[in-house]
Every structure is written in C-alpha cells, then in structure tokens.
Amino acid sequence: MSVSRYPNAAAAAEACGQRILELLTQAISERQRATLAVSGGTSPRPMFELFAKSGFPWERVEIFWVDERCVPPTDSQSNFGMANETWLAPAKVPSGNIHRVPTELEPHEAARKYAERVRPFLPFDVIHRGMGPDGHTASLFPGEPLIADHEGIAAAVWVEKMHQWRVTLLPGVLKAARNTVVLATGADKAEALASVLRGPYDPMKWPAQIGARDANVSWFTDLPKEMV
Ligand code: 6PG
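Here the residue numbers are simple positions, counted from 1 along each chain's written sequence. Since the coordinates come from a predicted model, pLDDT governs what is reported: local features require at least 70, and pairs of side-chain atoms require 80 or more to be given and counted, while whole-chain, interface and lining totals use all residues. Values reported for side chains reflect all heavy atoms of the structure, with hydrogen atoms and water molecules removed beforehand.

A. How the structure looks around the site of the ligand. Taken together, 15 residues lie around the ligand, and Thr 42, Ser 43, Asp 67, Ala 138 and Lys 189 are the ones closest in. Polar contact criterion, stated in full: a pair of N or O atoms within 3.5 Å, where within protein one must be able to donate a hydrogen and the other to accept it, and residues adjacent in sequence count only if both atoms are side-chain atoms. Taking Asn 79, its side chain carries an N or O atom lying 2.9 Å from an oxygen atom of the ligand. Only protein atoms enter the 1 Å grid, on which a cavity is a set of points fitting a 1.4 Å probe that cannot get out and a pocket is an open set with protein on both sides within 12 Å along at least 5 of 7 lines, lining residues being those with an atom within 4 Å of a point. To decide whether a molecule occupies a pocket or cavity, check its atoms: if more than half lie within 2 Å of the grid points, it is inside. Because more than half of its atoms lie within 2 Å of the grid, the ligand is assigned to the largest pocket. Nearness is defined per residue: one heavy atom within 4 Å of the molecule or strand is enough.

See the structure below:
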C-alpha cells in the first residue's frame, strides 16, 4: 500500500480524485469501459468538484456507491444526492451510467436489488473508500457481524449510533477491487488511521483495515507522518 500526505483536506481529496482519473483511464484503455464505486460523507466533496470540471469521458464509466443512507435521493444525507449535486449533474453524466442504491425500497429489498445490479460488473476497477474517526469504512462499523461476510455483495445494516438503516457493499467486494483509494482526512482520525495502517490486524475493531494494506491500495491523508 502507499500513503500520500497533503498539506490540507482539500489537497488530499483532489489528489485522490486525480489518482482515480488515472486508474479509470488505464481501465478504459484495457477494457474500453471502467467501473467506479464511490463513498459518501463530507471529505469527497472537493474530489467530486474536480470530477465535474475534468472533462472526463464519464459515458465510459459505470458509477456505483460503496454505501448509502436509506433516505430519499434528494435528502441532504444522501450520498447519491451529494455526488449528483457536485459532479453527476454538472458533468451531465448519462443516467444509464449511474447505478444508485434504490433507497425508495425497504432496506433489505434495496440491498437485494442493488446486489443484483452490481453483480455483472464485478470486480470493480476502482473503489473509493473513506474512514470514520472510529475506523469504520463503507457502512461497516466496529463490531458489525457483516464484517465476517466475505461471500455476499451488499446488505442492509442498522447503524445504531446513527439511528439509521444503510446499504453497504460487503468485504468480499471491497477486497476484490482491482484498485482501492482511501481518503482519510482530519485530525479526529489520527488515532484510527495509526491503528488501521500500523496496528495489529483486527478488522472487527478497525473495519477500515479490510483489504487496506494490499499492494493495489493508495491512501490519501492530510495527517503528518509523526501523527500516523
Ligand atoms: C458514509 C460513508 C462513510 C464515510 C466515512 C467518512 O456514508 O458516511 O460512505 O463510510 O466514508 O464516514 O466520512 P467523512 O469523509 O465525512 O469523514
């Protein structure tokens, strides 16, 4: 794995975005099309804005989500909503290339339908992941039994600390990605990032460790070497 450090969160997010565009360009040169799964949260916003201004041939890219909050796509908490507002709509990405989680359905039905939609496109060329201050990634939070599920594609998960149903891709899909980029910015993530990158392997305690130390993984952070 590689760890790249930047002076601030926006610079880390933009560098992460550039890396994704490089990897997608490579995939398109090899297979004429590429597949990308993105995460939500706040840190990707500068990356999505860079995508919108990039002039990239998005009609060649199938776009998916690593996880989604079970809220309407117009809700301020929607990961699709944030990506649509900052990237997909401004870049006029064709709707046929956008494979969002059908959150209008009951969470387990949404997960089942999403898994069906994702299956023919696996393994993904590029997965973009984030990490929370508690070491969660996707919507796999510490102690979540689904962390042990290496066969499934996607599942509904009740996140107690957020009082929220979510749909998340599962470890087998995360680990099978041809390339993974992880964007982890903010001082509140220093302890978790140190444990995830250097601590004993314990994904039930640090879910962001899932497939995170493999050679095809690039970490982007604004945290200095002395902190992590
Ligand atoms: C989500 C995400 C989640 C996110 C982390 C980091 O839906 O919340 O996909 O896994 O990547 O929570 O979020 P921030 O980037 O906002 O810190």
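Next comes the rest of the write-up.
B. Inspection of the packing of helix H1 (residues 9-31) against helix H2 (residues 45-53) at higher detail. Helix axes are fitted only over the stretch in contact, all axes being lines through C-alpha atoms; the angle between N-to-C directions runs from 0 to 180 degrees. Strands are runs of DSSP state E lasting at least 2 residues, helices are runs of H or I lasting at least 4, and numbering of each runs from the N terminus. Close contact between H1 and H2 brings their axes to 7 Å; oriented N to C, the two are set at 45 degrees. Comparing the axis directions of H1 and H2 gives the class oblique. Of the two elements, H1 crosses H2, and the hand of that crossing is right-handed. Contact residues: Ala 10, Ala 13, Glu 14, Cys 16, Gly 17, Gln 18, Ile 20 and Leu 21 in H1; Pro 46, Met 47, Leu 50 and Phe 51 in H2. Oblique is the label for every angle not falling under 35 degrees (roughly parallel), over 145 degrees (roughly antiparallel), or within 65 to 115 degrees (roughly perpendicular). Note: crossing handedness is left-handed where the near helix turns anticlockwise from the far helix by less than a right angle, and right-handed where it turns clockwise. Here, two residues are considered to be in contact whenever any of their heavy atoms come within 4.5 Å of each other.

C. Molecular detail of the layout of surface pockets. Grid points are joined across faces, edges and corners, and a volume is the space filled by probe spheres set on the points. One number sums up the size of the largest pocket: a volume of about 380 Å³. As for the largest pocket, its lining consists of 21 residues, and the residues nearest its centre are Gly 40, Gly 41, Met 131, His 136 and Lys 189.

D. Main features of the nonpolar core. Counting 62 residues, the largest nonpolar core has Trp 58 and Trp 87 as its most contacted members. Here the element with the most residues in this core is H1; it accounts for ten residues. Excluding anything up to four places from it in sequence, Trp 87 contacts Leu 36, Val 38, Phe 48, Phe 51, Ala 52, Trp 58, Ile 63 and Val 93. By nonpolar core we mean a set of buried residues, namely Ala, Val, Leu, Ile, Met, Phe, Trp, Tyr and Cys, connected to one another through side-chain atoms within 4.5 Å. Three exposure classes are used, based on accessible area relative to the maximum for each residue type with a 1.4 Å probe and protein chains only: buried under 20%, partly exposed in between, and exposed over 50%. The next biggest cluster of nonpolar side chains, apart from the first, holds 15 residues, and it includes Val 182, Ala 184, Val 217 and Trp 219.

E. Representation of the sheet that holds strand S1 (residues 2-5) within the structure. Whether two strands pair comes down to DSSP finding at least two bridges between them. Taken in spatial order, the six strands make up an open sheet running S1-S9-S8-S5-S2-S3, and their pairing is parallel. The open sheet terminates on both sides in strands that have one partner only, identified here as S1 and strand S3 (61-65). Across the sheet, the axes of successive neighbouring strands diverge by a mean angle of 20 degrees, strand direction being ignored. Where strand S2 (residues 34-38) meets strand S5 (residues 126-130), two bridges bridge the pair, whose relative direction is parallel. Each bridged residue has a counterpart across the sheet, and for Leu 36 the counterpart in S5 is Val 126.

F. Just helix H3 (residues 79-88), in detail. H3 sits mainly inside the fold: eight of its ten residues count as buried. Within the span of H3, buried status applies to Asn 79, Phe 80, Gly 81, Met 82, Ala 83, Thr 86, Trp 87 and Leu 88. Contacts from the buried residues of H3 go to S2, H2, S3 and strand S4 (67-69). Between the side-chain oxygen of the N-cap and the backbone nitrogen of Phe 80 there are 3.3 Å, and the N-cap of H3 in question is Ser 78.

G. Just the sheet that holds strand S7 (residues 164-169), in detail. Judged by pairing direction, the sheet is antiparallel, and its three strands sit side by side in the order S4-S7-S6 without closing on themselves. Single-partner strands in this sheet number two, and they are S4 and strand S6 (154-159). Strand-to-strand twist in this sheet, taken as the mean axis angle between neighbours without regard to direction, amounts to 25 degrees. Across six bridges, S6 lies against S7 in antiparallel orientation. Bridge pairing in S7 links Val 157 to Arg 166.

H. Local environment of the packing of aromatic side chains. To pair, rings of Phe, Tyr and Trp, with the six-membered ring standing in for Trp, must have centres within 6.5 Å; the planes then decide the type, stacked if under 30 degrees apart, edge-to-face if over 60, and tilted in the middle. This structure, assessed with the given rule, holds eleven aromatic pairs. Between Phe 56 and Trp 58, the aromatic rings sit 4.9 Å apart at their centres with planes inclined by 50 degrees, giving tilted as the arrangement. Look at Phe 64 and Phe 124: their rings are 5.1 Å apart centre to centre, the planes differ by 50 degrees, and that puts the pair in the tilted class. Residue Phe 64 is found in strand S3, and its partner Phe 124 is found in the loop between helix H4 (107-118) and S5; the two are separated by 60 residues along the sequence. In this structure, Phe 64 and Phe 124 share a single accessibility class: buried. Within the aromatic cluster, the residues linked to one another by ring pairs are Phe 48, Phe 51, Phe 56, Trp 58 and Trp 87. Cation placement over rings: the criterion is NZ of Lys or CZ of Arg within 6 Å of the ring centroid and within 35° of the ring normal. Just above the ring of Phe 80 sits the side chain of Arg 100; from NZ or CZ to the centre is 5.7 Å.

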